[in-house]
Structure formats: C-alpha cells, structure tokens
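The primary structure of each chain is shown beneath.
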Amino acid sequence: MAETKQGAARAAESRRVAEEAREAEWKAPSFLKQIFLGNLRLDLIHPYPEPPPERPEFREFMGRLERFLVDEVDPDAIDRDGKIPSRVVQRLAELGAFGMKIPKEYGGLGFTQREYGEAMKLITSRDGNLVVLLSAHQSIGVPQPLKTFGTPEQKKKYLPRLAKGEISAFALTEPQVGSDPSSLATTAVRTPEGDYVLSGEKLWCTNGTVASLFVVMARHPDTKKISAFIVEKAFPGVEIATRCHFMGLKAIENGVIRLHDVRVPKENLLWGEGKGLKLALITLNTGRLTLPASCAVVGKRCVEIARTWAAERVQWGEPVGRHDAIAQLLAEMAATTFAMEAVTDLASAMADMGDRDIRLEAAVAKMWNSEEGWRLVDRTMQIRGGRGYETADSLRSRGEPPIPVERMMRDFRINLIFEGSSEIMRLFIAREAVDRHLAVAGAFADPKAPRSKRWAALPRMAAHYGWWYPSRWAGWGRWPRFSDFGPLAGEVRWVDRTTRRLSRTLFHLMLVHGPKLEKRQALLFRAVDVGADLFAMAATLSRAAALRRRGAAEADRAAELARVFCRTMRRRIGEHFRAIRSNDDVAKYATAMRVLDGEHLWLERGMAPLVVADETGEGASEAPRAARR
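Here's what I pulled together on the structure shown here. (Residues numbered from 1 in each chain as written. Predicted model: local features only at pLDDT ≥ 70, side-chain atom pairs only at ≥ 80, totals over all residues. Heavy atoms only, no water.)

Digging into the pattern of salt bridges
Within this structure, the stated rule accounts for 54 salt bridges. Notably, a salt bridge pairs Arg 407 with Asp 76, separated by 3.2 Å at the nearest N-O pair. Of this pair, Arg 407 sits in helix H16 (residues 405-412) while Asp 76 sits in helix H4 (residues 75-81), and the two are 331 residues apart along the sequence. Here Arg 407 matches Asp 76 in class, with each residue buried. A single network of salt bridges, built from pairs that share partners, joins Glu 118, Lys 121, Lys 300, Glu 341, Asp 345 and Arg 543. (Salt bridge = Lys/Arg side-chain N within 4 Å of Asp/Glu carboxyl O. Helix = DSSP H or I, 4+ residues; strand = E, 2+ residues; numbered from the N terminus. Buried < 20%, exposed > 50% of the residue type's maximum accessible area, 1.4 Å probe, protein only.)

See the structure below:
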C-alpha cells in the first residue's frame, strides 16, 4: 500500500513538472493542432512554401562542403576507428559548419532553418557521425538556447567562440532521469554572492567528451525548480568521467559528465531561475528538426540502393525488381521518401516563417520520419539480402561495391530514441491534442474537483460542444473546393473528412473514459498516429500540387508518388480507427502486469545467465535462479 501511494505521488509530481514546463498558450496557429480539433487549415501549409531564392554564399558553401565530404571524409574508416579525425573536425570549423545557425554578427553563417536543413541532409548522405557532432552542438547545444534566451552579454561572449569551432553540448539526462525530469538530482545552490554551485552527474551527454561549453540543467533544492546554466569545461570541478560506446554511430563523443561543486557565475544563468525545462522544450521545437531532415536523405539513399540492386540482381530469369514482391516494396519506398521530404521541408519552412506554432509539427516530423525511415532501412536490408548484412569492408575485400547497408542500419536505429523517443513524442502530442477539450471540460472530468466547480463548467461545455460537435459531421468537400490540387483533389477531400472523424473520435474517447483516458495510452497513441499520417498526407499533397503549379518536369511523377502514398495511408489510418473501436488493450495490460510480477518466469527457463560475474564479483547476474533451472 505504501509503495502504491509513493508511486502515485511520484506520478503526480511528474505530471506537475511536465505541466509547468509545457507552453500553455497557443499564441500562433498550428496546422496539427487544428487537425486534432477537426479543422483542415490548408491555408497554413498550402500553397507549399517555396524555398527562398538561393543565396550565392549558400551555394558556394554547399559546393565547398560537398567537395570536402567527398575528398576528405572516409565514413568506413570513421566507423572502424570509432573516432572522427581531428583534421576533419578542424576542416569543418574552417568551413564555418559549427556556426551555420549562428547570426553573422557573431561570426556565424546566419543560415535559415531550411538552409541549415539542406546542409545537414548533404552531410547525412556521407556520414551520420558528423551530423550528430554538428547537430548536438548547434541544434540543441549552447547556440540555439543562447540565440533565443541569452542576454546580449552572453551572446557577445559565447557565440563568436562557438561559431569558430568550440564544441558545445546539452546536459539533461542522468542515470535515474530520462524523459521524466521530475527526479532530476543535479543541484544548483546559490552562494551569498549570487552565484551558483552545481553538483551532480549527467549521462549520455552527446559531444560531452569534446565539448568546451555545456548547457546544464540543475534543480534548486529550496524551490525544487529547474534552471539552465552555461558551464565551461574549464570551470574547476568539471570532470569528463567516461566515454560511452554504442551499436551504431561509433564515433560520436558521448559521455558521463560529473560536476563536483562547480561554481557558475550568476551571469551564466540562461533566461531565468526555474525556466530550464521550458527553455529545453522550446529549444527542441526547432532543434529536433535536424533529425527528420537526416531521415529523409537516408530514405533517398535507401531508394537509390534498392533500385540499383533490384535492377541488377537477376533471379529466375529476370531482375528481382520485376518480381511483384520486390516491386511492391520499391513503389512504397519511393512514395514514402517523397512524403518524408515533404514533411521535413514543410516543418523547416514553417519554422522560418515565425508566424506559426510548430511544437506539434516538429514533434510529428521527428517521430514520423524516424519511424518511416527505419522501415525503409529495414526493407533495403531485405532487398540487398546477404550483401546488405555484410559489412562494407568485407564487401570491398571481395571486390564488390562497399554499399554500407549494415552500417546504415546500426547508425539509424538511434533516431527512434534521440531527442525524445517515439513513445515520449506520442505522449507529448497526445497531451496537446486534447488540450482544448481539457480547457473546456477539464474541470467537469476531474474527479478531484469540487462539485460546485464541476457543475459550473456545464454551461461553458454546452455552449462550446453544442456548436462544435455537429460541425464535425458536416463539411463541404465537393467541387470547386480543393480544385487547386487537380487530379489529387479527391485525396484532399478524404483528408478533410478524416480530420473531422479524428476529432469526433477523440471527443468520444474523452466521454467514455473521462480522466482515465490518460492511462489508456494505446488508444491515445492510435489517435496520434492518425493525426501524424494525415499531416504527412497533407504535406505530400501540397508539395505535389506545388510542383504541378510550377510546371516542374517531375510534376506528373510526383503526383504518382503522392497517390501511391495516400492510398497506403488510407489503409493504415483505417486500421488505426478499427483498433480504437475494437482491441484487447485491457487484456494485454493485465498480462503485462503478471509478467512484471514474475508470474511468467517459467517462460525464461533454459538459459545461461544474462550477465556473468567477473573475478572481482562485479556484474553478477540478477536473473532469478528459478528462471535458469
């Protein structure tokens, strides 16, 4: 009973911290926010944002960057050695790559989000380790929060150093703290002079072993609030404890950082006391856009590899790509890649516009592109067969082209975990999806609210839902609406109807489950997936329409890919709706609890210990003895 109460208290504290950190207001419109409310606001994404005229300095940079990547970067050697050569890092600094997002006035290149995304796509096409180095430095490291929240003095002091090539990192995760920062243990104690003393340990700090500047999240013991600080590696008490190693991205400099009574000047507090988590979330709104851009270009590479091999490899008298089983995969791979690029370019363009709230679009772009990209990598491995599973070095030694599908798979897998795992992204999106309903009916649905407060919410609910709910059933989708999409207008009509259906479904779920809905994550996640797929469809259709309007040579082929993609999404969305209506979630949850309680240990019998103790006795197996009999 005591453990149950403690667990409930911890859960309540986690929700409180999360609610305090989230952006409660919607000061600008959001396409996805409206999707969940049943409104297809095409004006927010259509016409598809055209890239601005290419600046000569950007084209020159891209040319120099491509030559450098081809002539001086050996991805297989980097993977083999587990280290980015110092000369490569130095050349990146000389090119200005560490300052792509830093304004020119501070020595950076001053790229827009879309330009930065194009540069990161190009780098991804050569080596993922370099992408992590640069993205962790300027997408979530010191430059991004400093640009947004830093004082003029902080910017003047640090941005020029960062633009020249000093590497930065972001330190939030701890051994016992991942996506739930309510248990953050690193402390920030004020001194009589107004400075701060930081103590604690940070885990998996990307760039941590080579960074000279960190954004560190720490909790004030007195207020329990979390703040963000700029910490220099040179400060006494900063210890780089160890470097971590992973299954992929062998050369990323990821480490454990320990802070032993590190004195941080009060001038290095970012934004303000207690604003650390909100700073992190706002930073990630644009910071995580690098990842979907990288995923999109991996999709391009997968299509290239699969297409080439499927045309060359002959089995049963004809190329394998002409056999229906492989042809189906190729069609879906090409269509999905077109959609992935539509999603990432749209999200980046919306970030540059500055007049839209992109917190949901950025989260969906990250989640959706990383998951679709993983499917593409997996299918590329299947199509290449044994040559996909074989390492590039081994292929080279046998005289075959060293196509690195094996390395691609190892390197890509982290994208479903980096910068918010898929599950955390869905939780975040689900919370925002029901935000309006909570604002209108939250008091009535809250069992802890006083009865007077619950009854007082009824008039507001009646006024809102009396108009809103009937309007989610009616909508005009016939000609001439959506005529701008030409032959794809029917797909847009389907998106419009399904948007209203999604909003009704969310409303029905809240009516049926009330406050317990937050515990039914499987149901919410299916609704989130419908919204994400609708966003991808809308972005794809808008991009195809833009190519048609522009008279592009590839317009007809783009429409073909868009149509294939939309038909695939229609089937998948239908499956999500069916699973919302009929599922075995409750039964599976009960089974999972019995697994956790050890009632299925019999299933684990017949194995050797998972971990064997060494001569010091460390690393002893924790597997129950009964499970090993």
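Moving on from the coordinates now.
Here we look at the pairing of strand E1 (residues 168-171)
Residue alternation in E1 divides its side chains into two sets, Ser 168 and Phe 170 and Ala 169 and Ala 171, and both sets are buried. Pairing of E1 with strand E4 (residues 213-219), which is carried by four bridges, proceeds in the parallel orientation. Looking at the pairing, Ala 169 lines up with Phe 214 of E4. (Pairing = 2+ DSSP bridges.)

Looking at the nonpolar core
If you look at the biggest cluster of nonpolar residues, it comprises 99 residues, and the most contacted ones within it are Phe 31, Trp 368, Phe 485, Leu 534, Met 537 and Phe 565. Ranked by residue count, the leading element in this core is helix H22 (residues 521-550), at 18 residues. Residues in contact with Trp 368, not counting those within four places in the same chain, are Ala 339, Met 340, Val 343, Ala 532, Asp 533, Ala 536, Phe 565, Met 569 and Arg 572. Counting residues in each nonpolar core, the second largest holds 48 residues, with Phe 68, Ala 97, Leu 122 and Val 238 among its members. (Core = buried A, V, L, I, M, F, W, Y, C linked by side-chain atoms within 4.5 Å. Contact = heavy atoms within 4.5 Å.)

What to know about the environment of Arg 497
Tracing the sequence through the fold places Arg 497 in helix H21 (residues 489-513). With relative accessibility at 45%, the residue Arg 497 sits in the partly exposed group. A C-alpha to C-alpha distance of 22 Å links Arg 497 and Ala 342, two positions 155 residues apart in sequence.

Some remarks on the state of the cysteines
Applying the stated criterion across every chain yields a total of zero disulfides. The thiol of Cys 205 is unpaired, and the distance to the nearest cysteine sulfur, on Cys 244, comes to 9.5 Å. Summary of cysteine pairing: Cys 295 is not part of a disulfide, and the nearest cysteine sulfur, belonging to Cys 302, is at 10 Å. (Disulfide = S-S within 2.5 Å.)

Regarding the packing of aromatic side chains
Applying the stated criterion across every chain yields a total of 11 aromatic pairs. Aromatic side chains Tyr 469 and Trp 473 sit 6.3 Å apart centroid to centroid with 75° between the ring planes, which places their arrangement in the edge-to-face category. Arranged with centres 5.3 Å apart and planes meeting at 45°, the rings of Tyr 469 and Phe 507 form a pair that is tilted. Placement of Tyr 469 in helix H20 (residues 458-471) and of Phe 507 in helix H21 is noted, with a sequence separation of 38 residues between them. Members of the aromatic cluster, connected to one another through ring pairs, are Tyr 465, Trp 468, Tyr 469, Trp 473 and Phe 507. Arg 413 extends its terminal NZ or CZ atom over the ring of Trp 374, reaching a point 5.5 Å from the ring centre. Its end group placed over the ring of Phe 577, Arg 501 keeps NZ or CZ at 3.8 Å from the ring centre. (Phe/Tyr/Trp six-rings, centres within 6.5 Å; stacked < 30°, edge-to-face > 60°. Lys NZ or Arg CZ within 6 Å of the ring centre and 35° of its normal.)

Here we look at the pairing of E4
For E4, the buried fraction is high: seven of the seven residues fall into the buried class. Alternating positions in E4 separate into two faces, Leu 213, Val 215, Met 217 and Arg 219 on one and Phe 214, Val 216 and Ala 218 on the other, with burial throughout. Across seven bridges, E4 lies against strand E5 (residues 226-232) in antiparallel orientation. Following the sheet pairing, Ala 218 is matched in E5 by Ser 227. Counted along the chain from E4 to the antiparallel partner E5, the turn is six residues long, and its residue Lys 224 has a positive phi close to 70°.

That is the geometry; function is a separate question.
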